[in-house]
Amino acid sequence: MAVLTIRQQLYRTLKQRILDGVYPPGAHLNIDIIAKEQGVSNSPLREAMTLLVKDRLVENRPNAGMYVIEITPQLYRELVDTINIWIEGAYRLCLKYGKTECLLALMEERLRALKKVIRRGTDRERIFAILDFLRCFVTATENKVFISSFSSEFDRLCLAYYYNHLGREIDWDINVQRAATIIDAVKSGLVGTVGDMIWTWSVPHFEANQIPEE
């Protein structure tokens, strides 16, 4: 097993803190304070921050420092539109290359996981599990370039999706039903229906009061 460098360890720690909401959108990441907390020098921490900038989870503001990205309405809509196009396209690739059985196996597995999380998990874990169910369309393609492209935006989508739903009343059982309905549509070969359900499910209505307008 490869030993992680200090930079890699810091990168993983900071990334998880962002995804867990310890550092919320727009939070200032003070290099000196975090370095002291982690017991490291500023150099590897700055390197880790650079990796997070590449992930587009952190932005380097000139003369201001490092900040967790802001979840704006525009970013939210663009992320969701892009991800949905990828998911629908992934389904068509699965059909083209005979990956339907693989897709169904993944979906059944993710549905079981989703049911468990809906019963016992936090709202954050539930939202991530829903998006993980949708990600199985991309995983089933076994297209490394496609999977890599999708994964590069997945964390930002999870972050945006969570903060858009924060404080809203959500009927979580409906999400389980929707996942099961999508599986049935895939089994029946209802291509158009699957595409429609992807868009109507994974594009939640944006709540303007959750994320301030720019």
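Above this text is the structure in question.
Residues numbered from 1 in each chain as written. Predicted model: local features only at pLDDT ≥ 70, side-chain atom pairs only at ≥ 80, totals over all residues. Heavy atoms only, no water.

**Q** How should the overall build of the protein chain be read in this particular structure?
**A** A count of helices and strands for the protein chain gives 9 helices and 3 strands. Moving toward the C terminus, one meets the helices and strands of the protein chain in the order α-β-α-α-β-β-α-α-α-α-α-α. For the protein chain, whose C-alpha radius of gyration is 19 Å, the value lies close to the compact-globule estimate of 17 Å for 214 residues. Referenced to the eigenvectors of the C-alpha coordinate spread, the extents of the protein chain come out at roughly 55 × 45 × 30 Å. Classification of the 214 residues of the protein chain by burial places 42% in the buried group. (Helix = DSSP H or I, 4+ residues; strand = E, 2+ residues; numbered from the N terminus. Rg over C-alpha atoms; globule rule 2.2 N^0.38 Å. Buried < 20%, exposed > 50% of the residue type's maximum accessible area, 1.4 Å probe, protein only.)

**Q** Quick question: what am I supposed to make of the pairing of strand E2 (residues 58–61) here?
**A** Both faces of the sheet carry side chains from a regular strand, because those side chains alternate between them. Where E2 meets strand E3 (residues 65–68), 4 bridges bridge the pair, whose relative direction is antiparallel. For Arg 61, the partnering residue across the bridge sits in E3 and is Gly 65. The turn linking E2 back onto E3 is made up of 3 residues, and Asn 63 within it adopts a positive phi angle of 65°. (Pairing = 2+ DSSP bridges.)

**Q** Would you explain the pairing of E3 in this entry?
**A** With 2 bridges joining them, strand E1 (residues 28–29) and E3 adopt antiparallel strand pairing. Residue pairing in the sheet places Leu 29 in a bridge with Met 66 of E3.

**Q** Hey, could you run me through helix H4 (residues 73–96) in this one?
**A** Residue pairs three or four apart in sequence face the same way in an α-helix, which turns once every 3.6 residues. Here H4 contains 24 residues, and its C-alpha end-to-end distance of 35 Å stays within 8% of the 34 Å for a straight helix at 1.5 Å per residue. Of all the residues in H4, the buried ones are Pro 73, Leu 75, Tyr 76, Leu 79, Val 80, Ile 83, Asn 84, Ile 87, Ala 90, Tyr 91 and Cys 94. Just past H4, the residue Gly 98 takes up positive phi, approximately 65°. (Expected span 1.5 Å × (residues − 1).)

**Q** Would you take a moment to explain the pattern of salt bridges for this structure?
**A** Side chains that carry opposite charge are capable of pairing whenever their charged atoms lie near each other. One pass over the full model with this rule turns up 12 salt bridges. One salt bridge connects Glu 108 with Lys 187, and the closest N-O pair in it is separated by 3.2 Å. Of the two residues, Glu 108 is situated in helix H5 (residues 100–120) and Lys 187 in helix H8 (residues 172–188); the sequence distance between them amounts to 79 residues. A relative accessible area of 27% means that Glu 108 is categorised as partly exposed. By sharing partners, the salt bridges in this structure join Arg 56, Glu 153 and Arg 156 into a single network. (Salt bridge = Lys/Arg side-chain N within 4 Å of Asp/Glu carboxyl O.)

**Q** Could you clarify how one ought to interpret a positive patch on the surface in this entry?
**A** Together, Arg 112, Lys 115, Lys 116, Arg 119 and Arg 120 make up a region of like positive charge exposed at the surface. One can find Arg 119 in helix H5. (Patch = residues over 30% accessible without salt bridge, like charges linked within 9 Å, V, L, I, M, F, W, Y side chains within 5 Å. Areas by Shrake-Rupley, 256 points an atom, 1.4 Å probe, with all protein chains shown as cover. Lys, Arg positive; Asp, Glu negative; His and termini not counted. Charge placed at Lys NZ, Arg CZ, Asp CG, Glu CD.)

On their own, these measurements won't tell you what the molecule is for.
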